[in-house]
Amino acid sequence: MTAPGHPERAVSDPIGMIVDLVSAVEHRLEPDRIRAVVTYVAGGRAKSRRLAAHLAEHPSVLADGRSPAPRAVGDLLIALCEAGAQAISPPCCAECGRQMRTLQRRGQDWYCGNCGPQPESCAACGNNRRVATRDRAGRPRCAKCPDSDGRDPIAVISALIAELDTQAGREVIADAVRRSAPRPSYRQKLAWALEAHPALLTGDGHLAPHRAILRLIDLLHEAGVAGIVRPSCPGCHRVVRIDKPLDGQRVCRTCIAHSRIEECSGCGARREPATRDDQGRPLCPNCLVNDPANLETCINCGRRKVVNTRMPDGPLCSSCPSLPTAMCSICGEERPCGTSRTTGRPWCPDCQRRSAPCSVCRGVVAVVSGTFDKPLCADCTAPEVWHTCPTCSDPDYPHPGQCARCLINRRLGELLGPPSDALHPGLEALRHNIATTEHPITARRWLNKPSVSPVLSDLASGRRALTHEALDELPDSPPLAHLRQVLVGVGALPERDEYMVRLERFLTSLLASQPDPEQRRVLHRYTVWHLVRRLRRRNNGRPITPQQFNSARQRTHAAVAFLNWLTAHDLALETCRQADLDRWLTDDLATYRQTAGHFIRWARTNKLTTVHVPAVRWNGPTQPLDDEHRWNVARRLLHDDALKPEDRLAGLLLLLYAQGPSAIHRLTTEDVEVGAQEVRLHLGNAPVQLPEPVAQLARTVAANRKGHATIGALAPSPWLFPGGQPGRPISTTQLTQRLNQLGIRPIQARSTALFQLATEIPAAILARTLGIHTDVAVAWQRLSAGDWATYAAEVSRRATRSHQQGKDVRDLR
């Protein structure tokens, strides 16, 4: 959401925009004081943007205090008046115009205490008055007609609990009632509800009409009162906190989240929305966090990224640790400083944001190096200062050993020891790779990670052998997987199929944990001799993909869940009947019901059971196909030079050639044939000639591809889209996230592209050029009513009918 006339300001600096709008009206308050008030009221980024947008559209609300307006505007007006503002008006009642110090709202309007509450007809006297309380039936009562039966609610509740536990102390019960319902009128409601339904205390708490009853049950249970049963969630049957109303019952937060699941308008994932966009469409938490409007500039690296930590001087991204205190190389002050990527020296956040006339070219630009009196811009700064480190060449330099190159060499000496012939050749290659890396600061941070430095030290000292088997003994973690791939990249370890090893390790552990020998034997047949064997046959020596690994693991979990359900119901595969299977398919406690169908069909094929679950037949895409949106995004990718070339190419391959993320991330430089006049791309058996400007994008990406791996990366990388691990392509998850940021939902966009292509191209040619199976191409062609075989038969029948009609006409003549 942006304000008219100030779109960039409302997104990038909403707080500053609000301060400017308020300062233009209020001249008595200092800008710093106004900023403090605005920051306190505005809260998060989304709220501050909405507040800035409304004030920009309706600046008169600052002077007249009139609604309709969001609640945040009223809170801001009240806070500014309390801070001493004279020109700012407090919120005014929408009906009588009275100035207010507190807000009562109906929709977007504010009302005072007299105009706000709506009068209702009293259930006792029948007069139309303000509602003071409600009786036990929920009907309104005025202040003169309270519904009171004259009994002490604590005594009523104590009598009910005494029937469950005669030893329960009255003071314990009274204390629990007071803590759960501080107001006497609320205690009366609790007494009425418990008196009408005493089973609320013994397990039916999910039917409680008031949240305080659940709080009372928890307090009594903690106090050890016998007979009190904490209720379980009616949705997931867990004994957890259930205070969320849903369909007349109290459920847990997880079940509430499941009931609110919607399809995210950004990435297409089905999750509980974290917020909604300007059109009211849902956005999941991941899209909210990664929204470009919510990114902020990191005070350490200077890149716009997701905020991980907020320091007193500004935000830090997840890649940057907390800033250490050091002497800034530009202003010379002792402050929390980051490290300049250009000079390798510390500089404080203020100097990172400072602009001044360059002492060499005199242009007013961002300061990159130099001193406070003699600043230098990026063009006038000597590149790669660490190559001419004065520590290495001048022993009289006042700050020896402070360049990034010297610091990383010092750290390598601490971990691997001094260079010697005794060091393993693979570790020596790793030392050389790190010492000569293009980004020594990033490499130094990686070396300082607690999950990396102890392992390297053990490998160098010989306490741990430099083998895959020795690393397998360590707890599995992403940093260890990255370290292993770095060692593979520098040649210290041989290449191996990591996902196959992880799958075999997972299956071995799972089979060993099965107590039933017969169940363990069935699972061994299914997982090892069916799933793994089929994977090896299909891949034919190629490493398995993350999707294949996740699919095999999920199917294994599904088989275990189904067998455990059979055991819990005194059944086995041989004795299970179709009625038992139907009962499992409708059991709310059963898990992996859809995925377990693969295991059940395998068991039936191998004559281990007689039950059957039919496979789900694909009947076309389940999401709407938006061809207009597809072409709009494609036009943007073709002509928007501000986007990264690799993102543009990946998006166009998806939108124009129906290549999913799993196919795009496997493309190599050998798949791109760059000629003098044309560019061909191998997606299937037959190459595709790319038109301009897609061909130029392919040339640019193939010539300038670069992954995020700092250490152990192969140069040049064989992958068209290199990833974050050395020698590996970009992951499908990362590629999908980058496509989502471009407004592309891969599943829907690929279905739309395939649907359109299937109407224009025969299935055989579609399969050869796009690299999809012929059956898939035929299925899409039939779905799109573009079945060329049917069309040819219809043309033949037309010709036959036309010939027969001509013959009949001639006979009539």
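Keep in mind that this is a model prediction, so the values were computed, not measured.

Section: the overall build of the protein chain
Then, number 1: Scanning the protein chain for helices and strands turns up 34 helices and 27 strands.
Then, number 2: By residue count, 40% of the 813 residues in the protein chain fall in the buried class.
Then, number 3: Considering only contacts within the protein chain whose residues lie at least 6 apart along the sequence, 46% involve residues at least 24 apart.
Then, number 4: Accessible area of the protein chain: about 44,000 Å², with a carbon and sulfur share of 51%.

Digging into the sheet that holds strand β27 (residues 688-690)
Then, number 1: Ordered by their spatial adjacency, 3 strands build an open sheet running β25-β26-β27, and the pairing between neighbours is antiparallel. Two strands in the sheet have a free side with no partner beyond their single neighbour: β25 (672-674) and β27. Between one strand axis and the next, the sheet turns through 25° on average, direction left out of account.
Then, number 2: In this sheet, strand β26 (residues 679-681) lies alongside β25 in antiparallel orientation, the contact comprising 3 bridges. Within β26, the position partnered with V674 by the bridge is V679.

A word on the side chain of S89
Then, number 1: Checked against the element boundaries, S89 lands in the loop between α6 (71-82) and β1 (104-106).
Then, number 2: Look at S89 and you get buried, because its relative accessible area is 7%.
Then, number 3: There is a polar contact of 3.5 Å between the side chain of S89 and the backbone oxygen of D64.
Then, number 4: For S89, the residues in contact, after removing those within four places along its chain, are L62, A63, D64, G65, L77, C81 and Q99.

A look at the confidence of the model for the protein chain
Then, number 1: Overall, the prediction assigns the protein chain a mean pLDDT of 81, with 89% of residues at 70 or greater.
Then, number 2: When pLDDT is averaged over each helix and strand of the protein chain, the minimum, 46, is found for helix α34 (residues 788-812) and the maximum, 91, for helix α22 (residues 517-539).
Then, number 3: Across residues 384-388, confidence stays below pLDDT 50; counting only partners more than four residues off in sequence or on other chains, it has 5 contacts.
Then, number 4: A low-confidence stretch, residues 394-398 stays under pLDDT 50, and its non-local contacts, those more than four residues away or across chains, total 4 contacts.

Some points on helix α25 (residues 597-605)
Then, number 1: Those residues of α25 that fall on the buried side of the exposure criterion are G597, H598, F599, I600, W602 and A603.
Then, number 2: The secondary structure elements touched by the buried residues of α25 are α22, α23 (546-568) and α24 (578-585).
Then, number 3: Just past α25, the residue K607 takes up positive phi, approximately 60°.

Some points on the pattern of salt bridges
Then, number 1: Inspection of the entire model under this criterion finds 30 salt bridges.
Then, number 2: Across the pair E498 and R484 runs a salt bridge, and its minimum N-O distance is 3.6 Å. Here the residue E498 occupies a position in helix α21 (residues 498-512), and R484 occupies one in helix α20 (residues 478-489), the gap between them amounting to 14 residues.
Then, number 3: Residue classification places E498 among the buried positions, given a relative accessible area of 14%.
Then, number 4: Residue class for R484 comes out buried when judged on its relative accessible area of 7%.

Some words on the packing of helix α2 (residues 14-25) against helix α4 (residues 45-57)
Then, number 1: The geometry of α2 relative to α4 is characterised by a closest axis approach of 9 Å and an angle of 35° between their N-to-C directions. Along this stretch, α2 crosses α4, giving a crossing that reads as left-handed. Residues P14, I15, M17, I18 and L21 of α2 pack against S48, R49, L51, A52, L55 and A56 of α4.
Then, number 2: A class-by-class count of the residues in the contact of α2 with α4 yields 9 nonpolar, 1 polar and 1 charged.

Quick notes on the packing of aromatic side chains
Then, number 1: What the rule picks out here adds up to 6 aromatic pairs.
Then, number 2: Ring geometry for Y499 versus F549: centroids 5.6 Å apart, planes at 50°, classification tilted. Of this pair, Y499 sits in helix α21 while F549 sits in helix α23; the two residues are 50 residues apart in sequence, bridging distant segments of the chain.
Then, number 3: A relative accessible area of 23% places Y499 in the partly exposed class.
Then, number 4: Classification of F549 as buried rests on a relative accessible area of 3%.
Then, number 5: A connected cluster of aromatic rings, assembled from ring pairs, spans Y526, F562, W584, F599 and W602.
Then, number 6: Positioned over the ring face of F372 is R354, at 4.2 Å from the centre of the ring.
Then, number 7: Of note, R630 hangs over the ring of W631, and the distance from its end group to the ring centre comes to 4.7 Å.

What counts and what doesn't
- Residues numbered from 1 in each chain as written.
- Predicted model: local features only at pLDDT ≥ 70, side-chain atom pairs only at ≥ 80, totals over all residues.
- Heavy atoms only, no water.
- Helix = DSSP H or I, 4+ residues; strand = E, 2+ residues; numbered from the N terminus.
- Buried < 20%, exposed > 50% of the residue type's maximum accessible area, 1.4 Å probe, protein only.
- Contact = heavy atoms within 4.5 Å.
- Areas by Shrake-Rupley, 256 points an atom, 1.4 Å probe, with all protein chains shown as cover.
- Pairing = 2+ DSSP bridges.
- Axes fitted to C-alpha atoms, helices over the stretch in contact; angles between N-to-C directions.
- Polar contact = N/O pair within 3.5 Å; in protein donor to acceptor, adjacent residues only side chain to side chain.
- pLDDT = per-residue confidence, 0-100.
- Salt bridge = Lys/Arg side-chain N within 4 Å of Asp/Glu carboxyl O.
- Left-handed = near helix turned anticlockwise from the far one by under 90°.
- Nonpolar A, V, L, I, M, F, W, Y, C, P; charged D, E, K, R; others polar.
- Phe/Tyr/Trp six-rings, centres within 6.5 Å; stacked < 30°, edge-to-face > 60°.
- Lys NZ or Arg CZ within 6 Å of the ring centre and 35° of its normal.

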